[in-house]
Amino acid sequence: MTDATRPLLERYRPLLARGDEPFPITLGEGGTPLVHARRLGAAIGVVQLHLKFEGTNPTGSFKDRGMVLAVNRAVSSGARAVVCASTGNTSASAAAYAAAAGLPCHVILPAGKVARGKLAQALAAGARLVMVDGNFDAALTAVRRLGDEGVAVVVNSINPDRLEGQQTAAWEIVDALDRAPDALALPVGNAGNITAYWRGFRRYADAGRLRGSALPRMLGFQAEGAAPIVRGEPVDSPETIATAIRIGNPASWEGATAARDESGGLIESVTDDEILEAQRMIVQLEGVFCEPASAAGVAGVRRLASEGRIGPDETVVCVLTGHGLKDPDAVQGEEGTLTPIAADSGSIRAAMEL
Ligand code: AN7
């Protein structure tokens, strides 16, 4: 099961496939690194802190795990096109897999706030983009209707194949650690991923593949300005620098609260400042560059550890859902001297303050 050189859907075929259905489309998704974050762990007081870096997927986010299954099945079912609403990563993934399948891809985007890298990916792959005057929730409502009208196959996570495929990340973590972690932390937007991870851990336990069969606490984190589950009601105008999770009425709300409650976990919010600080710490202490939304899990674990709500000896996995290159505009670093100076070592040493 752990041979990462085989295509993801083949590796986990016994748990995913219906009979001998073919999975001809693959871009090399899954098999992402689980990095033992020693320096970051020391900084926040969790020695066994691991980062599941989903940014190494073919389109740079975890979405590829479910998109590969959704698009393979769309092809098998004779689909003429696929459609999705997206804060960015779903559209980048859908566009790539649709291109590989030779299917048209239509993308409905909320006005304004989609990160530059994600937009570039969808455009480059030839997706047809429609921007709507409204947020992600309005775009998803429209997409549901387009699906009902038979215009195209919907590849948002309301398509069950998406969450089926996303379970593979939980399976890879168990395969790598040879057990489940004590806690799994991740950002929550439309709430599909937390639902899929929990389903994945339980499914592995049921299949007898989880040694000791202890399940992790699920720790979900929303951005403070887009925290409907934490508040207990939809948010009309969600706002956060972490545009990937700028979602006010998650489709998998019940899946997320079930994951939280059944696992003895929690769903809390973190501020934009905490998110950006965590993003910086992850890359400056570990060299792993993730997008802002992806840092929400680390921001949350950092806070829980500081409050003694995560013990220093617990094994914690934080899922870094997307690559930092997706959203270059969100980076706030020391730029150094970017106004050209004379190219002699004296001038350069002066600029380096050496
Ligand atoms: C980097 O692409 O909803 O809670 O339309 O891109 O499963 O929604 C993206 C979500 C976390 C939240 N991290 O996951 C979309 C979209 C990143 C993301 C989430 C998203 P869910």
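This one's a predicted model, so the numbers in the text were calculated from it and none came from an experiment.

Q: What is the right way to look at the sheet that holds strand β4 (residues 105-110) in this model?
A: Whether parallel or antiparallel, the strands of a sheet pair through hydrogen bonds between backbone atoms. With parallel pairing, 4 strands are arranged side by side in an open sheet as β5-β4-β3-β6. Each edge of the sheet is formed by a strand with only one pairing partner; in this case those strands are β5 (128-132) and β6 (153-154).

Q: Could you clarify how one ought to interpret the site of the ligand in this entry?
A: Lining the immediate environment of the ligand, one finds 22 residues, of which N89, T90, N190, A191 and T321 sit closest. Between the ligand and S86, the relevant distance is 3.1 Å, taken from an oxygen atom to a side-chain nitrogen or oxygen of the residue. At 3.2 Å, a backbone N or O of G192 approaches an oxygen atom of the ligand. Put simply, the ligand lies in the largest cavity.

Q: Is there a simple way to explain the sheet that holds strand β10 (residues 315-320) in this structure?
A: Ordered in space as β1-β2-β10-β7-β8-β9, the 6 strands form an open sheet in which the pairing is mixed. The two strands at the open ends of the sheet, each matched to only one other strand, are β1 (34-36) and β9 (266-270). Between one strand and the next, the sheet's axes are offset by a mean angle of 25°, whatever the strand orientation. Pairing of strand β8 (residues 217-223) with β9 involves 5 bridges; the strand directions are parallel.

Q: Please explain the pattern of salt bridges as it appears in this structure.
A: Think of it this way: side chains of opposite charge can pair up when their charged atoms draw near. By the definition in use, this model includes 23 salt bridges. Of the charged contacts in the structure, one is a salt bridge between R260 and D261, with a shortest N-O distance of 2.7 Å. A residue is classified by how much of its surface remains accessible, and R260, at 21% relative accessible area, is partly exposed.

Q: Which parts of the structure should I look at to understand the packing of aromatic side chains?
A: Describing an aromatic ring pair means giving the distance of the ring centres and the angle of the ring planes. Scanning the model with the defined rule gives 3 aromatic pairs in all. Judged by centre distance (5.7 Å) and plane angle (10°), the rings of W171 and Y204 are stacked. Of this pair, W171 sits in helix α8 (residues 160-177) while Y204 is found in helix α9 (residues 192-206), placing the two residues 33 residues apart along the sequence. Per residue, the accessibility class of W171 equals that of Y204, and both read buried. With 6.2 Å between their ring centres and 35° between their planes, Y197 and F201 make a pair best called tilted. Of this pair, Y197 and F201 are both found in helix α9, 4 residues apart, which corresponds to roughly one turn of the helix. The exposure classification of Y197 matches that of F201, with both residues buried. Of the aromatic side chains, those joined through ring pairs into one cluster are Y12, W171 and Y204.

Rules used in this analysis
- The written sequence of each chain sets the order in which its residues are numbered from 1.
- For a predicted model such as this one, the threshold for reporting local features is a pLDDT of at least 70, and the threshold for listing and counting side-chain atom pairs is 80 or more; totals across whole chains, interfaces and linings nevertheless cover every residue.
- Side-chain measures here rest on the full set of heavy atoms in the structure, leaving out hydrogens and waters.
- Whether two strands pair depends on DSSP finding at least two bridges between them.
- Helical segments are the DSSP runs of H or I of at least four residues, strand segments are the runs of E of at least two, and each set is numbered from the N terminus.
- To be near a molecule or strand, a residue needs just one of its heavy atoms within 4 Å of it.
- Two N or O atoms form a polar contact when they lie within 3.5 Å of each other; inside protein one atom must be a possible hydrogen donor and the other a possible acceptor, and for residues adjacent in sequence the pair counts only when both atoms belong to side chains.
- Put plainly, a pocket is an open set of points on a 1 Å grid over the protein atoms alone with protein on both sides within 12 Å along at least five of seven lines, a cavity is a set where a 1.4 Å probe fits but cannot get out, and a lining residue has an atom within 4 Å of a point.
- To qualify as sitting in a cavity or pocket, a molecule needs more than half of its atoms within 2 Å of the grid points.
- Interaxial angle, 0 to 180 degrees, is taken between N-to-C directions of lines fitted to C-alpha atoms, where a helix line uses only the stretch in contact.
- The term salt bridge refers to a side-chain nitrogen of Lys or Arg lying within 4 Å of a carboxyl oxygen of Asp or Glu.
- Buried means the residue's accessible area, taken with a 1.4 Å probe over protein chains only, is under 20% of the maximum for its type, while exposed means over 50%, and partly exposed covers the values in between.
- Between rings of Phe, Tyr and Trp, where Trp is taken as its six-membered ring, a pair exists when centres lie within 6.5 Å; planes separated by under 30 degrees are stacked, by over 60 edge-to-face, and by other angles tilted.

Interpretation in functional terms is not warranted from these geometric data alone.
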